[in-house]
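Residues per chain, in single letters:
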Amino acid sequence: MKNLLNINDLSKDEILKIINAAIDSKKNKKHSIQAKDKTLAMIFEKSSTRTRISFELAIKQLGGLSIMLDKDHLHLGKRETLADTAKTLSQYADIIMMRSNNHSTLENLAKHSSVPVINGLSDLSHPCQTLATLMTIKEIKGTLENINISWFGPISNVAHSLIDAANKNLGFNLNIYCPKYYQDVYFQKLKDMNKEISLDKINLRELNLNQMDPTDVIYTDTWFSMGDIEDSTKIEMLSKYTVNQDLMSKVNSDCIFLHCLPANRSQEVSGEVIDGPQSYVWQEAQNRLHVQKELLLKFL
Ligand code: CP
Ligand code: NVA
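Chemist: I'm lost on the site of ligand 2 in this one. Help?
Modeler: Near ligand 2 the following residues occur: Leu121, His126, Ser156, Asn157, Val158, Asp221, Thr222, Ser225, Met226 and Leu261. A distance of 2.8 Å separates a nitrogen atom of ligand 2 from a polar atom in the side chain of asparagine 157. Aspartate 221 is positioned with one of its side-chain polar atoms (N or O) 2.7 Å from a nitrogen atom of ligand 2. For ligand 2, the protein covers 96% of the area, taking 270 Å² as the surface of the free molecule. Structurally, ligand 2 is housed in the largest pocket. Looking at the shell around ligand 2, its residues break down into 4 nonpolar, 5 polar and 1 charged.

Here you go:
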């Protein structure tokens, strides 16, 4: 396997190996320079804080270097086809990471690139985020076995990759609490993209605050992803999905809160929760770096 476009590109063993290696190297503060003189090209069609910084630092700490390519400063899709850009970049870089508006752009890039391509977020999925999230859960809970993860809100790219991971039988159970409207939006998106995913292992339903299953992890994402238009009807529809102190008081006291970030403290999560003692979002953000290092080593 050459590329990481979705979690599904990794086997269960590969996922566990990446997570465990990231935990070990973080603990041992090891700085191997196993990617000495290797070059990572990073293309961004959308903005980023964590993905950009963690990949840039990861390749640097491994002894290599990165080139940051903003879509506005490339010919990409304007004066040059994506295929020609992919073939050119393959002559300079040893690996490419791309954040794309459309997942099909990533697939096309991977098709024409002779070096590995890593998905740094697309409208479909965010596999690097899922690996860092699972690493964080393993660090805090000591295991993924029988851990109950509850997702709140629209099934975003981040949630899609979590579903992909749940389908790998990594030991955790996934509950998704999502309004019916957003469940349909997700199914329509998959249909439009010609993608399939099994939901057999997932417990998907609308939220009833008095009938929640036991949960060890509450996880959410922004209600409006990059490029989405905010709309007051949707905010109203999602209002009971806000992860606030009232919701946290209904679950176990050792339940942790995670968020891929960036967060909106007046929508999907309250300030009290994200900045409170049950929140591990900063550890999760830091773990992006440790996971990226293992991913670079694996794919280089
Ligand atoms: N979680 C995440 O990918 O953050 P950025 O958008 O800042 O990269
Ligand atoms: N769903 C969000 C994730 C950001 C990391 C978005 O696509 O904007």
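From this point, the discussion proceeds with the structure in view.
Chemist: Even after reading the chapter, I still don't get the site of ligand 1, so can you show me in this structure?
Modeler: Ser48, Thr49, Arg50, Thr51, Arg99, His126, Gln129, Cys260, Leu261 and Arg288 make up every residue found near ligand 1. Glutamine 129 places a polar side-chain atom, nitrogen or oxygen, 2.9 Å from a nitrogen atom of ligand 1. In the model, a nitrogen atom of ligand 1 is placed 2.9 Å from a nitrogen or oxygen of the leucine 261 main chain. Protein chains bury 96% of the 260 Å² of accessible surface belonging to ligand 1 in isolation. One can see that ligand 1 is located within the largest pocket. For the shell around ligand 1, the class distribution of residues is 2 nonpolar, 5 polar and 3 charged.

Chemist: Is there a simple way to explain the sheet that holds strand E3 (residues 95-99) in this structure?
Modeler: By definition, the strands of a sheet pair up through backbone hydrogen bonds, in either a parallel or an antiparallel sense. Spatially, E2-E1-E3-E4 is the arrangement adopted by the 4 strands of the open sheet, whose pairing is parallel. A strand with exactly one partner marks an edge of an open sheet, and here the two such strands are strand E2 (65-70) and strand E4 (117-119). For this sheet the average axis-to-axis angle between neighbouring strands, irrespective of direction, equals 20°. Bridging between E3 and E4 involves 3 bridges; their strand directions are parallel. Across the sheet, isoleucine 96 pairs through a bridge with valine 117, a residue of E4.

Definitions and cut-offs
- Residues numbered from 1 in each chain as written.
- Chains lettered and ligands numbered in written order.
- Predicted model: local features only at pLDDT ≥ 70, side-chain atom pairs only at ≥ 80, totals over all residues.
- Heavy atoms only, no water.
- Near = heavy atom within 4 Å.
- Polar contact = N/O pair within 3.5 Å; in protein donor to acceptor, adjacent residues only side chain to side chain.
- Areas by Shrake-Rupley, 256 points an atom, 1.4 Å probe, with all protein chains shown as cover.
- 1 Å grid on protein atoms, 1.4 Å probe; cavity = no way out; pocket = protein on both sides within 12 Å on 5 of 7 lines; lining within 4 Å.
- Sits in = over half its atoms within 2 Å of the grid points.
- Nonpolar A, V, L, I, M, F, W, Y, C, P; charged D, E, K, R; others polar.
- Pairing = 2+ DSSP bridges.
- Helix = DSSP H or I, 4+ residues; strand = E, 2+ residues; numbered from the N terminus.
- Axes fitted to C-alpha atoms, helices over the stretch in contact; angles between N-to-C directions.

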